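Descriptive analysis of the structure
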Amino acid sequence: MNEPHDTPQHGPDRSAFLSRRVFLRGAAATGTVLAVGAGTAGAATAAPGGFPDYSYVRTLLKPSDLAYNPTGEIIFPCIRGTVGRVSGALGRFHLYYAPHDAPGGICLAYGDSLEGPFTEYPDNPVVANDWQPHYKVSHVSSPHVMWNEDAKEMWLYFHGENTTTRLARSKDGIHFTYDKVVLSTSMMPAGTTETSYARVFRHDLPSRGARYVMLFMLNNTTNHRDIGWGWSADGRNWTFDQKPLVKHSDVGAVNVGGPHLLTRGDSAYVVYNKDKGSGGDLLITEVGKDFSRRNHLGVFHDSMTGSPDNGRTAAPSFGTENGVPYMIYEAGERLQGAIAMARAK
């Protein structure tokens, strides 16, 4: 059985094997786990913070192979498990993704293994850019789905326009009900031009009365993108730090984005991508369990110069199946890439 977890957790190291299986919670009850963030057994630690190295295995989705392909590009994968959550699911895993350019559209593929194959849902997009009476925008994109244990629902966070992040909710991960706007440029300092590419995680911040954390891409009139963050008690109503969590200038990049929260031991980390001109790799910053640290640790994953990365790896989503850690990511040039899968060495 595969039971996915959206809150990355890992207890104290108990052996060489367990020390590499990071972010697992509830494994004893399930035997096989999908977790957000993962390590591996046996291989030497390669990434900062005690995380494993990941190696490309195969490409899971290419725009040219998809029936819904309005723009010839797809971005921002999010992998979620359905076992124990969705009755009568199409597959053990849902893989969400989207074109970015207009009209975009939140899309779904499903499969029974993180190794693939994944089958395109025949009625994509599951969320479109025109959802009356709630909104009509040029595009919707960047799906991040979080299993909300309290509500027993899949909660979808997505942007459209780039100024606005929205929430929709679903019992089956396919048919969604609109909820509300959760983030917009109006909630950030004057001059903010983009608040998009958000991911939300179950993560307790007791001093702030929060149970959820949001990470997102933040842009302003300087046109250099940073990582922003916020916290919430319920995943719907948010407070946002008015200063960036990670500044592009702090890590030697023109732009950073695609952030993902991982935890290991008693600390929390943010993994994010930098622009291709700045190297195109994934970086990692330790923020601490309470988000008080800013310890920039360097390269988390070095993008391949060859296909499919072509010098750029972005927007990672993490999972573990049968004790094997995986990273599902956006591979290739911005708006010219595919969804690829890497496995821990």
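Up top is the structure.
Structural notes, computed from the coordinates.

Rules used in this analysis
- Residues numbered from 1 in each chain as written.
- Predicted model: local features only at pLDDT ≥ 70, side-chain atom pairs only at ≥ 80, totals over all residues.
- Heavy atoms only, no water.
- Helix = DSSP H or I, 4+ residues; strand = E, 2+ residues; numbered from the N terminus.
- Buried < 20%, exposed > 50% of the residue type's maximum accessible area, 1.4 Å probe, protein only.
- Contact = heavy atoms within 4.5 Å.
- Pairing = 2+ DSSP bridges.
- Axes fitted to C-alpha atoms, helices over the stretch in contact; angles between N-to-C directions.
- 1 Å grid on protein atoms, 1.4 Å probe; cavity = no way out; pocket = protein on both sides within 12 Å on 5 of 7 lines; lining within 4 Å.
- Points joined across faces, edges and corners; volume = space filled by probe spheres on them.
- Nonpolar A, V, L, I, M, F, W, Y, C, P; charged D, E, K, R; others polar.
- Phe/Tyr/Trp six-rings, centres within 6.5 Å; stacked < 30°, edge-to-face > 60°.
- Salt bridge = Lys/Arg side-chain N within 4 Å of Asp/Glu carboxyl O.

As for its position among the elements, Thr 313 is in strand β22 (residues 313–321). With relative accessibility at 0%, the residue Thr 313 sits in the buried group. Apart from the residues within four sequence positions on either side, Thr 313 is in contact with Asn 273, Gly 280, Asp 281, Leu 282, His 301, Ser 303, Tyr 329 and Glu 330.

With that settled, consider the sheet that holds strand β17 (residues 238–240). Taken together, the 4 strands give an open sheet; going across it, the order is β14-β15-β16-β17, and neighbouring strands pair in antiparallel fashion. Each edge of the open sheet carries a strand with a single partner, namely β14 (192–205) and β17. Each neighbouring strand pair of the sheet contributes to a mean axis angle of 30 degrees, computed without reference to strand direction. Two elements, β14 and strand β15 (residues 210–220), share 9 bridges in a ladder whose sense is antiparallel. Residue pairing for β15: Thr 192 is matched across the bridge by Asn 220.

This next bit is on the layout of surface pockets. Computed from the structure, the second largest pocket encloses a volume of approximately 340 Å³. Met 217, Arg 225, Asn 273, Arg 312 and Arg 334 are, among the 20 residues lining the second largest pocket, the residues nearest its centre. Looking at the lining of the second largest pocket, the elements with two or more residues in it are β14, β18 (256–264), β19 (267–274) and β22. Tallying contributions element by element places β18 first for the lining of the second largest pocket, with 3 residues. Grouping the amino acids of the lining of the second largest pocket by side-chain chemistry returns 6 nonpolar, 5 polar and 9 charged.

So, on to the sheet that holds strand β3 (residues 54–61). Pairing in this open sheet of 4 strands is antiparallel, and the strands run β3-β24-β23-β22 from one edge to the other. Each of the sheet's edge strands pairs with one partner strand only, and the pair in question is β3 and β22. Recorded for the sheet is a direction-independent mean angle of 30 degrees between the axes of neighbouring strands. Both β22 and strand β23 (residues 324–331) contribute to a ladder of 7 bridges, which runs antiparallel. Of the residues in β23, the one forming a bridge with Gly 319 is Tyr 326.

This part covers the packing of aromatic side chains. Scanning all chains against the criterion turns up 14 aromatic pairs. On the basis of an interplanar angle of 35 degrees and a centroid distance of 6.3 Å, the ring pair of Tyr 54 and Phe 300 is categorised as tilted. Here Tyr 54, found in strand β3, pairs with Phe 300, found in strand β21 (residues 295–301); they are 246 residues apart in sequence, far enough to count as distant. Ring geometry for Trp 229 versus Trp 231: centroids 4.8 Å apart, planes at 45 degrees, classification tilted.

Applying the stated criterion across every chain, the model contains 15 salt bridges. Glu 333 is the partner of Lys 276 in a salt bridge, and the nearest nitrogen-oxygen pair spans 2.5 Å. Of this pair, Lys 276 sits in the loop between β19 and β20 (282–286) while Glu 333 sits in the loop between β23 and β24 (338–344), placing them 57 residues apart in sequence. Residue Lys 276 is classed as partly exposed on the basis of its relative accessible area of 34%. Taking the relative accessible area as the measure of exposure, Glu 333 reaches 31% and is therefore partly exposed.

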